[in-house]
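Here is what each chain is made of, one letter per residue.
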Number of protein chains: 6
Amino acid sequence: MFMHNKKLQYTVRVSEPNPVLASLLLEQFGGPDGELAAAMQYFSQGLGEDDPGRKDMLLDIATEELSHLEVIGSIVAMLNKNVKARLSEAAMSEAELYLSLTAGGNSHTQSILYGGGPAFTNSSGVPWTSAYVDSRGEPTADLRSNIAAESRAKIVYERLIAITDDPGIKEALGFLMTREIAHQKSFEKALYAIADNFPVGKLPGIERFSNMYVNTSQGDGDMSGPWNSGDQWERQDPQSDSLPLDGGDGTATIGMAEDDVAIYESMAARTMSDPTADPITGADLGAGPGAGKTSDADMGGAADILDASNMADAMTVRR
Amino acid sequence: MFMHNKKLQYTVRVSEPNPVLASLLLEQFGGPDGELAAAMQYFSQGLGEDDPGRKDMLLDIATEELSHLEVIGSIVAMLNKNVKARLSEAAMSEAELYLSLTAGGNSHTQSILYGGGPAFTNSSGVPWTSAYVDSRGEPTADLRSNIAAESRAKIVYERLIAITDDPGIKEALGFLMTREIAHQKSFEKALYAIADNFPVGKLPGIERFSNMYVNTSQGDGDMSGPWNSGDQWERQDPQSDSLPLDGGDGTATIGMAEDDVAIYESMAARTMSDPTADPITGADLGAGPGAGKTSDADMGGAADILDASNMADAMTVRR
Amino acid sequence: MFMHNKKLQYTVRVSEPNPVLASLLLEQFGGPDGELAAAMQYFSQGLGEDDPGRKDMLLDIATEELSHLEVIGSIVAMLNKNVKARLSEAAMSEAELYLSLTAGGNSHTQSILYGGGPAFTNSSGVPWTSAYVDSRGEPTADLRSNIAAESRAKIVYERLIAITDDPGIKEALGFLMTREIAHQKSFEKALYAIADNFPVGKLPGIERFSNMYVNTSQGDGDMSGPWNSGDQWERQDPQSDSLPLDGGDGTATIGMAEDDVAIYESMAARTMSDPTADPITGADLGAGPGAGKTSDADMGGAADILDASNMADAMTVRR
Amino acid sequence: MFMHNKKLQYTVRVSEPNPVLASLLLEQFGGPDGELAAAMQYFSQGLGEDDPGRKDMLLDIATEELSHLEVIGSIVAMLNKNVKARLSEAAMSEAELYLSLTAGGNSHTQSILYGGGPAFTNSSGVPWTSAYVDSRGEPTADLRSNIAAESRAKIVYERLIAITDDPGIKEALGFLMTREIAHQKSFEKALYAIADNFPVGKLPGIERFSNMYVNTSQGDGDMSGPWNSGDQWERQDPQSDSLPLDGGDGTATIGMAEDDVAIYESMAARTMSDPTADPITGADLGAGPGAGKTSDADMGGAADILDASNMADAMTVRR
Amino acid sequence: MFMHNKKLQYTVRVSEPNPVLASLLLEQFGGPDGELAAAMQYFSQGLGEDDPGRKDMLLDIATEELSHLEVIGSIVAMLNKNVKARLSEAAMSEAELYLSLTAGGNSHTQSILYGGGPAFTNSSGVPWTSAYVDSRGEPTADLRSNIAAESRAKIVYERLIAITDDPGIKEALGFLMTREIAHQKSFEKALYAIADNFPVGKLPGIERFSNMYVNTSQGDGDMSGPWNSGDQWERQDPQSDSLPLDGGDGTATIGMAEDDVAIYESMAARTMSDPTADPITGADLGAGPGAGKTSDADMGGAADILDASNMADAMTVRR
Amino acid sequence: MFMHNKKLQYTVRVSEPNPVLASLLLEQFGGPDGELAAAMQYFSQGLGEDDPGRKDMLLDIATEELSHLEVIGSIVAMLNKNVKARLSEAAMSEAELYLSLTAGGNSHTQSILYGGGPAFTNSSGVPWTSAYVDSRGEPTADLRSNIAAESRAKIVYERLIAITDDPGIKEALGFLMTREIAHQKSFEKALYAIADNFPVGKLPGIERFSNMYVNTSQGDGDMSGPWNSGDQWERQDPQSDSLPLDGGDGTATIGMAEDDVAIYESMAARTMSDPTADPITGADLGAGPGAGKTSDADMGGAADILDASNMADAMTVRR
């Protein structure tokens, strides 16, 4: 069961209102790497967890992330305090209020729709979705997802710190950022305390495919590194005649009952695009006098016109 | 620039149609851990990458994931071949077609809406969203996201393998699963080839908060492990009087201009919920003769009734 | 700051595993009226709240809803315990596992993607979105949204109780349902303790439009009731000649600079659909020998054929 | 069946184009409290309604909301008229057009993607979703949802009125705002004309839990009010030893067949995080010379550095 | 199988960084008409296609669209290069970085969340969703969807060209725009090479309804054109007494078992809104001294006040 | 302004309840090709339209689609009538109700969440989103989108007709399907009545790129047809040495100020993945005794095991 203490985990001292900054900070309230995403990821894993140690850790950290959600949300609420009151009381002229709401970021929506409270959106106003939550019920995968989530949250906090010069906000963001580092360390310990954590799951891979590096992107810029070279890698440069990897014919096939084959062939015949046709098309009809193809006369040297140097003139050409 | 060879990277041999299985396999076509999500994550990172080695690797693997998208999509298309033809040609009675479309999974939508082609949804028909893509433009975070993504994809393939007894599908899924293992290994190498990859980014954490473990979930079930105990951890059991962590008062405050304070106070006064009131409410109005509170007579011992043993009877009580 | 006690607010005793029921119960975990939606709605309102009484109440109830999220999530996790273990250990044949995952509801996705843990989706697997959260920063609106949210949550619990015969689950659901009733009562009290709570906000309406009932849906079935009749209502039956309500001409107009008018007219002329044309269209091209219109011969009495009695035959007509 | 009269319900007179204002007004076209959401909520309820009086009312109001959608959409279209024409005809230099599209709000997307027509998005460009629609097929819940929806729509209109100084727009918004008041009154009448409308549904609550107020948020700031005090409330201050509420042990349990227990234990053993381990982790590997923990030397007094006063300097420390 | 060549299909030469423009160009990277949507639409159709000619074409064009995705994504990455580096290295003061991130468009989110890499969002930051993909497994519908998709992509490119004066970007956008024209032509040819492509599918329509034009929007502004007039159209002006079109009574009915009818009637009676009631409502309670209706005194001539000329004064009236 | 007549446009006669069929029919109520999507697409285009003829047509058809939404929604409501009443009154045992809700499709969510009313979801329960609406403010693109939308709606109705044997439903669906044919014809006429409708917009393409067909998918299966062969096409088979199309070097470049270059290079150096490193990785740590590579001993001949014939055995191998 959850309990709440009215003190924040970290004191919030905001110097002055700034609704645009508030809308940027929403990234860590309702964004993909924000505190709600973190809390819900660890909470849902904790509920399903079968190992008592990990369950304890997941609920510890989930609960702390909720407290961080409270800290960041309180900063956002503070930064919006005056625009909220001004709009609520219609305390300024329409023109002044309009300007105060269109100063940047997505603060316009935060004021008009959300009334200055912290909203579960990212900094572009995109609603939070549980599509952000990576819980798969397999600890060796879930802990890696948590490690990655903490590292993403850390860098977003770092960026927000870099654009904020309010000392109280900077200090609180610094605290929140640091806690992500600590959480990552806990998740790492829990992962590596699983005896056999790679590859994840129970089923081993097929050996000859697990050591193969397929160089699918070729040309000037091909590089070597420990990720594709060295003893543990067999590098393959696919060519048409080395395909597919399994030695088959590289097609997709299916067995079907004879009746179904007949139905299938009937469908295919009915809907065939005749390769020998030369049909007049809707585009031909619509292309004007030169229907069916673009003639030189029509285009007036459009290729030249679209050269960047004289693109602007091109805009008045076609009609 | 991308090129396409008409051979699949791995030959697909499906024994017989099975649209329900097709709808389950969509998890790896249009689901959160599926091949599209993987391909787009690495591709978007590759386009923004500034390190030539990682850029090459990211485009190699992104391209291979597109080839895997083709393999899994081809299996889905094969499994749906006969239901597609039957429905398209209305080759069976309505009742037979209806039954064939409601046999389980989400195959009904796959047939009616998507016509048997592979759809970019997960196994519940949820449309793919780029909210699944974790690209943050910071390699030490992105590579961890990629490691996590590969580990999730691996376990989902393992589960699909466990429920499939078609040998050709099992073999292709085994290939795809193994490649996720190989990709994880490449991403790990690239991450650890960055000299100073933890914590991510450039800004160090605040030391006293980076070694602290906050035991927020307390009670019977508290556990110790390397994630919260040992030399590197300072464990904190928060109590009301140890809050907040910064030694402040744990409140959120803001500086506001005098004029704004006046507006704010006017708003607060206007919208106060009077704590001394005892208002009649809408619920009171609606609660019938016993308005305002639930009397014993009304409830007929509802607590007892809601005991599971006689819940069904309770359902006819209130009116 | 949040704290967590390892005891649940209500003991959960599940008789036996049932992953299909688990997938139905997700409605109250990650559905629109579920506990996460409730918790986050009240929490975000509480953070932005300026009235100390309401702020206290909102955080009390938000915190309790998190505890309810834990209860319902624990039930879901319990119901999935055996399918999770069986799939994880591949402890049954593929055919048996396949059958156990396609028994109904959306349990297939819950097992394959989420590994049996509680997922933040509704009972159709739709990811939770903060679009469910109604927080507007205006207490007279927000409290009404909370009252409505509690009433929706209550009825969904009632429906789940009606389909569950596991006594332990029924009892826990009965507890959760009842708490929604209590929460609604609190929100009602807080709303009616605001002196002047209708209409919401500060701006009064225009009197002649606030007492008008517009009977836009007309015909057999028109009804009278206190919602459209009686002293406080002026009923209007709109007719073409009584439009618009303001006495103007019912058009939309705008002032534009002369230059812009010229540009606008040029655009309109360029893109006009000529009402005097009789063009051949793409559909005409595609309609076969009778291009341009559907002749009797073509259709073979299709209207008759589409009579339900012989629709099936119609399916083979066109080609 | 719906019919459409070419006159608007209220005449729209816009003084001059303003695409930024247009993008703000979209909140009531395609936002969560906008006219489409209202129309579809009442329409879907009306179609499923079994009470003739409510059905008539719901279709009346749904139809009027569609007319309001037309009014607000017409205003948006008017406000965008010149930017649409200018962009369509490329009537200005690129630099001028670029500036006119990046003047604030989300007008850039409205012009580039939607071509100046009214789009079903909110003021941040978020696509409308039926997740906004609260229809549950239970009139005592649905009417409360409608009352709440009208109150939210009213306050959003009030805010838009407060930032608009175009007299014609202000007048039309005032009309639309007032109609929300009238609609709320109708829904209130219909709700209270149901004899026994609280609690919703048929099943009564469990008495001892319906009168209990749980004070989960504790500390300086605890308040009393009619929502948690007085005769009808029994207040509970949860402590660890008073949990759970049911007198059980507060755990979650399930009955499982012996075979499944064995499988489950095998899974748990295989995936245990060993609490006695002290593993080297990936973070240890990545943390540089001081791998495994953050030494004082590494951090260079980071806590001090992150004090807001000298945070900027800190940014160059780590490498 | 896909392969990748490190050369772009078209050389990208960007003059100078411009993160705001980058955020606008995302429309064609992750927007509804962008290159990912096009590539995935044709790719999914190609995988399910049964006609070898169309399958070849669909995979040709899908692959080229992926190459276009690479071109537009590379432009975006280039435009963000300096803001990415400055933010990553915290190379400027907080105030300067803040200003550089709030200069317009949605560049703030692109920097803070996505770190300057190309994100799969539109120009408002809305995540890409496969709801944009129109693949139905019926070639005569799918090809029309492709034609429409190409035409939408073309116009969005045209608009982006109109606001860009960087010659290298303009040239690349001109190339991409032109390719959409070429693709549309291919899809048109493939559509009209199907012998009988209108109406789509196999089932003919009912003749008398396929030639009927229903004039549901009536009044000043009714127009004639080839879309509703001429030999092939029978125009119907619906009036109440000509409804419904089938000659029935225009109601919806269902057969139900007697038992169910009894249950249904019991439900309807229990939940009836009594049309003869005159209940006090929640709004009445909340409306203050004049509860139940809005008196003249209360409103202070609000209708006049809401006249645009003196709206601002009205804002202080109610309390 | 919209008006509503209580008669449906087409009489609905449903034989008997069938909630599973109801959930399938939702595809045309709240699915991507359903009536709401159609109505809103044409309505938003109509509001923004500048050509009086098209504006009239768009509002005519939008209004009719709303009437179709009413017809399909009424069918859904009828099909759910008895399950709604049974669940609402708890008129059956829990086990019977449970079974009636898990009979297939997504009827479980339709009953539990939506209470049997028609919901704005598709047949998988996915909420409707305006991402389905294709309105771009350019008539030659919008009309093509409408033509495509009508063709998709037609085929979905055809599929629903093929699985329904209730004569009244079949008849109503036949009517609705036919109206889509008629609407497509109107949109075609309006498109081809625009003098110069291809390519869309005002800007011509670059001639040499508008006639080029790029054969990016190569191999066994390359086909010729009017879409890539004949006088109007110049076919290009891209090879590494013919890239890029513009004659440049195929790279992406940007001009940056010297200061920024220095910052950029500093960032790149700091975050480089050292290609000469051979780091131990997290995967190495986790892979057990054979850390760093997968040895033969570890894998036990996994490649063989993953042969489909003995895959099941493989599942118990690794631990």
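Parameters and conventions
Residues numbered from 1 in each chain as written. Chains lettered and ligands numbered in written order. Predicted model: local features only at pLDDT ≥ 70, side-chain atom pairs only at ≥ 80, totals over all residues. Heavy atoms only, no water. Helix = DSSP H or I, 4+ residues; strand = E, 2+ residues; numbered from the N terminus. Buried < 20%, exposed > 50% of the residue type's maximum accessible area, 1.4 Å probe, protein only. Contact = heavy atoms within 4.5 Å. Areas by Shrake-Rupley, 256 points an atom, 1.4 Å probe, with all protein chains shown as cover. Core = buried A, V, L, I, M, F, W, Y, C linked by side-chain atoms within 4.5 Å. Least-squares fit on C-alpha atoms with pLDDT ≥ 70 in both. Buried area = accessible area lost by both parts, 1.4 Å probe. Salt bridge = Lys/Arg side-chain N within 4 Å of Asp/Glu carboxyl O. Nonpolar A, V, L, I, M, F, W, Y, C, P; charged D, E, K, R; others polar. Pairing = 2+ DSSP bridges.

Participant: What is the right way to look at the overall build of chain A in this model?
Facilitator: Broken down by element type, chain A carries 15 helices and six strands. The buried share of chain A, reckoned over its 319 residues, is 73%. Of the contacts formed within chain A by residues at least 6 apart in sequence, a portion of 67% connects residues at least 24 apart. Here chain A has roughly 8300 Å² of accessible surface; of this, 51% comes from carbon and sulfur atoms.

Participant: In this structure, what is going on with the nonpolar core? I would like to understand it.
Facilitator: Side chains of nonpolar character tend, in soluble globular proteins, to be buried together. Membership of the largest hydrophobic core comes to 486 residues, with the highest contact counts inside it found for M40 of chain A, M40 of chain B, M40 of chain C, M40 of chain D, M40 of chain E together with M40 of chain F. Non-local contacts of M40 of chain E, meaning those with residues more than four positions away in its chain, are made with L36, L69 and F120 of chain B together with L66, W128 and V133 of chain E.

Participant: Any chance you could explain the relation of the copies chain A and chain B here in plain terms?
Facilitator: Think of it as a corkscrew move, a rotation about one axis and a shift along it, taking one chain copy to the other. With an RMSD of 0.0 Å, the fit of chain A onto chain B corresponds to turning through 180° and sliding 0.0 Å along the axis. With respect to symmetry, the two chain copies, as superposed, fit the operation of a two-fold axis.

Participant: Can you walk me through the interface of chain A and chain B in this structure?
Facilitator: Reports of interface size often rely on the accessible area that becomes lost once the parts have come together. Taken residue by residue, the interface counts 117 residues in chain A and 117 residues in chain B. Interface of chain A and chain B: buried area, both sides summed, is about 10000 Å²; carbon and sulfur atoms make up 59% of it. The tally of links between chain A and chain B comes to ten salt bridges. For D260 of chain B, the salt bridge goes to R86 of chain A, with nearest N and O atoms at 2.8 Å. When its residues are assigned to classes, the side of chain A that touches chain B shows 50 nonpolar, 35 polar and 32 charged. When strand 6 (residues 252-254) of chain A meets strand 2 (residues 12-14) of chain B, the two strands line up parallel, connected through three bridges. For T253 of chain A, the partnering residue across the bridge sits in strand 2 of chain B and is R13 of chain B.

Participant: What is the right way to look at helix 5 (residues 81-89) of chain B in this model?
Facilitator: Residues spaced three or four apart along an α-helix point in a common direction, a consequence of the helix completing one turn every 3.6 residues. Residue and element names in this part refer to chain B. Most of helix 5 is tucked away, with eight of its nine residues classed as buried. The set of residues buried in helix 5 consists of K81, N82, V83, K84, A85, L87, S88 and E89. Residue A90 follows helix 5 closely and has a positive phi angle near 50°.

Participant: Is there a simple way to think about the sheet that holds strand 4 (residues 217-218) of chain B in this case?
Facilitator: Adjacent strands of a sheet pair through backbone hydrogen bonds, lying either parallel or antiparallel. With mixed pairing, four strands are arranged side by side in an open sheet as 4(B)-1(C)-1(A)-4(D). Of all strands in the sheet, those bounded by a partner on one side alone are strand 4 of chain B together with strand 4 (217-218) of chain D. As judged from the two bridges shared by strand 1 (residues 2-5) of chain A and strand 4 of chain D, these two strands associate in the parallel manner. Opposite H4 of chain A, over in strand 4 of chain D, you have S217 of chain D as the bridge partner.

Participant: Explanation requested: the sheet that holds strand 4 (residues 217-218) of chain C in the structure shown.
Facilitator: Strand order in the open sheet formed by four strands is 4(C)-1(F)-1(D)-4(E), with mixed pairing between adjacent strands. Of all the strands in the sheet, the pair left with one neighbour each is strand 4 of chain C together with strand 4 (217-218) of chain E.

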